[in-house]
Amino acid sequence: MKDLIVQIGAEVLRHKAKPVAKKDFNSPQLKATIAKMRRVLAKEEFGVAIAAPQIGVPLRMFVIAAKAFETDKKDGEDGTLEQDSLKRTTGRSVLRSPKERAEENLAEDAVASENSRSKDMVFINPEITRLSRKKKEMSEGCLSVRDVYGSVLRHEKASVHAFDITGKPFDYHASGLIAHIFQHECDHLDGILYTDKATRLRKDTKEDTDTEDIENKDTEEHSHEN
Ligand SMILES: [Zn+2]
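Summarised in this report is the structure supplied together with it. (Residues numbered from 1 in each chain as written. Predicted model: local features only at pLDDT ≥ 70, side-chain atom pairs only at ≥ 80, totals over all residues.)

**Considering the overall build of the protein chain**
Here's step 1: Along its length, the protein chain carries eight helices and nine strands.
Here's step 2: The 226 residues of the protein chain split such that 33% are buried.
Here's step 3: Pairs at least 24 residues apart make up 73% of the contacts formed inside the protein chain by residues separated by at least 6 positions. (Helix = DSSP H or I, 4+ residues; strand = E, 2+ residues; numbered from the N terminus. Buried ≥ 20, exposed ≤ 12 C-beta atoms within 10 Å, placed from the backbone. Contact = placed C-beta atoms within 7 Å.)

**A few points about unusual backbone geometry**
Here's step 1: Positive phi outside glycine occurs at Asn 26, with the angle close to 70°.
Here's step 2: Phi is positive for Arg 200, which is not a glycine, with a value near 50°.
Here's step 3: Note on placement: Arg 200 falls in strand β8 (residues 199–203).

**Thoughts on the nonpolar core**
For soluble globular proteins, the rule of thumb is that nonpolar side chains tend to be buried together.
Here's step 1: If you look at the biggest cluster of nonpolar residues, it comprises 42 residues, and the most contacted ones within it are Ala 49, Phe 62, Ile 64, Ala 68 and Ile 178.
Here's step 2: With seven residues, helix α6 (residues 176–189) is the largest single contributor of residues to this core.
Here's step 3: Residues within four places of Ile 64 in sequence aside, it is in contact with Val 48, Ala 49, Asp 120, Met 121, Ile 178 and Ile 181. (Core = buried A, V, L, I, M, F, W, Y, C linked by C-beta atoms within 7 Å.)

**Brief notes about the pairing of strand β2 (residues 61–64)**
In the case of a regular strand, side chains alternate between the two sheet surfaces.
Here's step 1: With burial as the criterion, each face of β2 is covered, one bearing Met 61 and Val 63 and the other bearing Phe 62 and Ile 64.
Here's step 2: Note: β2 against strand β3 (residues 121–131), four bridges, orientation antiparallel. Across the sheet, Phe 62 pairs through a bridge with Phe 123, a residue of β3. (Pairing = 2+ DSSP bridges.)

**A look at the sheet that holds strand β6 (residues 157–163)**
Here's step 1: Pairing in this open sheet of five strands is antiparallel, and the strands run β1-β2-β3-β6-β7 from one edge to the other. Taken across any chain shown, the strands that pair with only one partner, and hence form the sheet edges, are β1 (49–51) and β7 (169–175). In this sheet, neighbouring strand axes are inclined to one another by 40° on average, regardless of whether the strands run parallel or antiparallel. (Axes fitted to C-alpha atoms, helices over the stretch in contact; angles between N-to-C directions.)

**Some remarks on helix α1 (residues 28–42)**
Here's step 1: End to end, α1 covers 21 Å across 15 residues, agreeing with the expected 21 Å (1.5 Å per residue, within 8%).
Here's step 2: Of the residues making up α1, those classed as buried are Leu 30, Ile 34, Met 37 and Leu 41. The buried side chains of α1 occupy one side of the element, clustering within an arc of 55° when seen end-on. The exposed set on the far side of α1, more than 90 degrees from its buried face, consists of Pro 28, Gln 29, Lys 31, Ala 32, Ala 35 and Arg 39.
Here's step 3: Close packing links the buried residues of α1 with β1, β2 and β3. (Expected span 1.5 Å × (residues − 1). Arc of directions from axis to C-beta.)

Keep in mind these numbers describe shape, not what the thing actually does.
This is the structure:
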């Protein structure tokens, strides 16, 4: 079966993607592209994010799956106090339009204030505006590099300025997993793959690990694919 996600070796993954033009915000075509990104991502058990070039569209945008924000919260429970308090502010730092807020029901709002999101988040024309001096190594994978994992040293905290699908700007300050995802995805938009930066790259094929009883362990060790 043909992979829905463009794989390493394809030109589109090595080019600098183009910004989404002002006139294209809210257009049916942009909406369709984002819907496709979300659909493709949703099929990936370990996928937490996807950039447009990964579905062959050379535009500067990426989607982070709702589950990544939940995982991030779980990760935070094991973190230091400092990380914990930072993570708690992360959810509140998202600026949402009144319309967007109205679309979410009250229960969802309550959850959002607890720093987890029940919706995928779209970042269009993202720019990293701040990076912490402190770095952290994390295990990464990439949907465009199947069955390979590696460790990447990235900034522990990252802030992104981006636009939503309607063209409304917002800022998102993140730490931990989401900060790593920001850096991985922004690299995609500049034609950089994590394998360019990773150490201890290893193959981890399904044939090696595909026994039912280690499924949960698998999830932990596979880390996340973006
Ligand atoms: Zn990737």
